[in-house]
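Reading the structure
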Amino acid sequence: MAMDILKQRYFLPNENPEQMFMRVAKYVANGNSELEKLFFTSMSDLILLPNSPTLMNAGTDNPMLSACFVLPVPDSTPEIFDAVKFGALIQKMGGGTGYSFSQLRPRGWKVKSTLGIASGVVSFMKVFDAMTDTIKQGGKRRGANIGTLSIHHPDIIEFIMTKTAGLLQNFNLSVAITDEFMEACKNNKNYNLYNPKNGAKYEELEANKIMDLIAKTCYDCGDPGLLFMDEINRRHTILNEKIQTTNPCGETPLLDNESCNLGSIDITKFYSESKFDWEMFSQIIGHGVKFLDNVIDVNKFPLPQIEEKTKQNRKIGLGVMGFAHLLFKMGIRYGSEDSLKLADKLSMFLYECAKQKSVELGQELGSFPNKANSIYKHPIRNATLIAIAPTGTLSILANCSSSIEPVFQLSYQRIAMDQKYFVIDPVFEQMLISLDYDPQFTCQQMKTNKCLPEGLPEEWYKTLVTAKDIPPEQHVKMLATWQRNTDNAVSKTVNLPNSATPEDIKKIYLMAYDMKVKGITVYRDGSKTGQVLS
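Everything in this summary refers to the structure shown in the same document. (Residues numbered from 1 in each chain as written. Predicted model: local features only at pLDDT ≥ 70, side-chain atom pairs only at ≥ 80, totals over all residues. Heavy atoms only, no water.)

This next bit is on the side chain of His153. With respect to the secondary-structure elements, His153 resides in the loop between β8 (145-150) and α7 (156-160). On the basis of relative accessible area, His153 is assigned to the buried category, the value being 1%. (Helix = DSSP H or I, 4+ residues; strand = E, 2+ residues; numbered from the N terminus. Buried < 20%, exposed > 50% of the residue type's maximum accessible area, 1.4 Å probe, protein only.)

Another point: the packing of helix α2 (residues 17-29) against helix α3 (residues 33-44). One can describe the packing of α2 onto α3 by two numbers: an axis separation of 8 Å at closest approach and a directional angle of 140°. When the axis of α2 is compared with that of α3, the two are oblique. In the packing of α2 onto α3, the handedness of the crossing is right-handed. Only Leu35, Glu36, Phe39, Phe40, Met43 and Ser44 of α3 make contact with α2, whose side of the interface consists of Glu18, Phe21, Met22, Val24, Ala25, Lys26, Val28 and Ala29. Split by residue class, the contact of α2 with α3 holds ten nonpolar, one polar and three charged. (Axes fitted to C-alpha atoms, helices over the stretch in contact; angles between N-to-C directions. Parallel < 35°, antiparallel > 145°, perpendicular 65-115°, else oblique. Left-handed = near helix turned anticlockwise from the far one by under 90°. Contact = heavy atoms within 4.5 Å. Nonpolar A, V, L, I, M, F, W, Y, C, P; charged D, E, K, R; others polar.)

Tallied over the entire structure, the rule returns 20 aromatic pairs. Judged by centre distance (5.8 Å) and plane angle (35°), the ring pair of Tyr99 and Phe101 falls under tilted. The buried category is assigned to Tyr99, whose relative accessible area is 0%. Accessibility expressed as a relative area gives 0% for Phe101, which makes it buried. The interplanar angle of 85° and the centroid separation of 6.0 Å between the aromatic rings of Phe408 and Tyr412 together place this pair among those described as edge-to-face. (Phe/Tyr/Trp six-rings, centres within 6.5 Å; stacked < 30°, edge-to-face > 60°.)

Position of Val175 relative to the elements: it lies in strand β9 (residues 171-177). By relative accessible area, which is 0% here, Val175 ends up buried. Apart from residues no more than four positions distant in its own chain, Val175 is found in contact with Leu149, Ile151, Ile156, Phe159, Ile160, Ile214, Pro224, Gly225, Leu226 and Leu227.

Once that is clear, we can look at the pattern of salt bridges. Per the counting criterion, the structure on display carries 24 salt bridges. For Arg23, the salt bridge is made with Glu15, and the minimal N-O distance between the two is 2.8 Å. This pair shows no difference in class: Arg23 is buried, exactly as Glu15 is. Among the ionic pairs, Asp297 bridges to Arg381, the shortest N-O distance being 3.8 Å. Pair noted here: Asp297 is in helix α11 (residues 278-298) and Arg381 is in the loop between α14 (337-365) and α15 (392-398), with a separation of 84 residues, a long-range link. A residue is classified by how much of its surface remains accessible, and Asp297, at 40% relative accessible area, is partly exposed. Ionic contacts of the salt-bridge type, sharing partners, join the residues Asp293, Asp297, Arg314 and Arg381 into one network. (Salt bridge = Lys/Arg side-chain N within 4 Å of Asp/Glu carboxyl O.)

Quick look at the state of the cysteines now. Scanning all chains against the criterion turns up zero disulfides. Looking at Cys260, it has no disulfide partner, and the nearest cysteine sulfur is the one in Cys68, 5.1 Å off. Owing to a relative accessible area of 0%, Cys260 belongs among the buried residues under this scheme. Looking at the unpaired Cys400, the closest cysteine sulfur is the one in Cys249, lying at 16 Å. (Disulfide = S-S within 2.5 Å.)

With that settled, consider the packing of helix α8 (residues 179-186) against helix α9 (residues 207-221). Contact pair α8 / α9: the axes reach a minimum separation of 8 Å and the direction vectors enclose 100°. As judged from the angle between their axes, α8 and α9 are roughly perpendicular. Contacts between α8 and α9 involve Phe181, Met182, Ala184 and Cys185 from the first element and Ala207, Asn208, Ile210 and Met211 from the second. When the residues that make up the contact of α8 with α9 are grouped by side-chain class, the tally is seven nonpolar, one polar and no charged.

This is the structure in structure tokens:
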């Protein structure tokens, strides 16, 4: 499967993996032969991989290397359609886009310039959705969007229910939640809607009824997610500028016209003979920070305003993948106290080493230009450093588990590039082979029995858990643990069985808010057609 993906999406004509990594290393190193060798080794050993646009585009005629962008959507027709045009340019070049629609006037509001009536947020979102449906990113993959609307916007109910009507299928939807709303929900009170045109109170709604509606639509179709905007802005390293939304997967809250460059480290590569090599991990973290910082300088940005804003703050997002596989190898159950302690240690080490490298780069090359408007008092190269991204395709290339997620299943069917693949988890497969079991036969048994067959080592039944085996509370605790030491955000899904209820989802939302995460995504198995993993 990995080679099929590389051939169809990543390789240039007649290219092989070694040539691809050399092309990327040479371009990002920008004439520094020592860095070129270092970057090539890190990538070709599948220890450090940058986001897909970097692998696809570095060293080509289209060297747009950023994964994600946030574009403003002001409340005027020309500016709205500018945002559509700018989004098309970004998606054509391989990037994903985030939009906040909270500034748009509500449905039914009078338009002075035409004496007409505003058609509302969702009507304009349909235009963005149609654009994404039309443009295929570089002929290689569909565009990704996130659409966000404030919980206080008068069109919020229509927005929440959009996906249940079969609309906006090219969008992830997230509701921008405030402390005001959450406290009203917890205390069973009303909360206010406000007209974004003048800030005036529009009407009152029962907070709990709206939360119930969000939970029910998430139960039905997997959307919307929640973004806790007050928590995001409390922890934003740039002062006096408010974030309104994130990139499509939620791991990088961004200001308008910012972009972010992502990379992920396979942490399974540092565990051998029952030991974790912290020194090697530290070195690779430093390489990752330097790689992503270089990307900012060699990147061809799709728009001048994006280049200007990105270089002001020089945000990067270095993350990890392979966490569930590391737990398998260490004999630790995902969601246990030991797994949370390991997550805390890894995430803190990741942040501290990345910060140390960025400080060194700040002393050598200069701090990001907007540092005076930030929380930092010392030289530092990058306004943000860590983002835990989903790593769907990257983890396939690295042959490890995705991001910090649990393993979906030990054997499963995956749809990629419109093809179906039968996948046996690679670590589980090696464990079976080590005991002279036949992986294919064992997985056939599992398909029939819906669980691990009898006769395997006793500890396997305790540690080889998959997404469906983990209580939702443990998912949220894992998310919160990684978020504590992450200055951007964490993209993680709380997986629920098909039998879960809307009330279960509501409890997760309240728990996530209390644990001070920046965002939460819940997925009930089978709630979307065309499910990628099954």
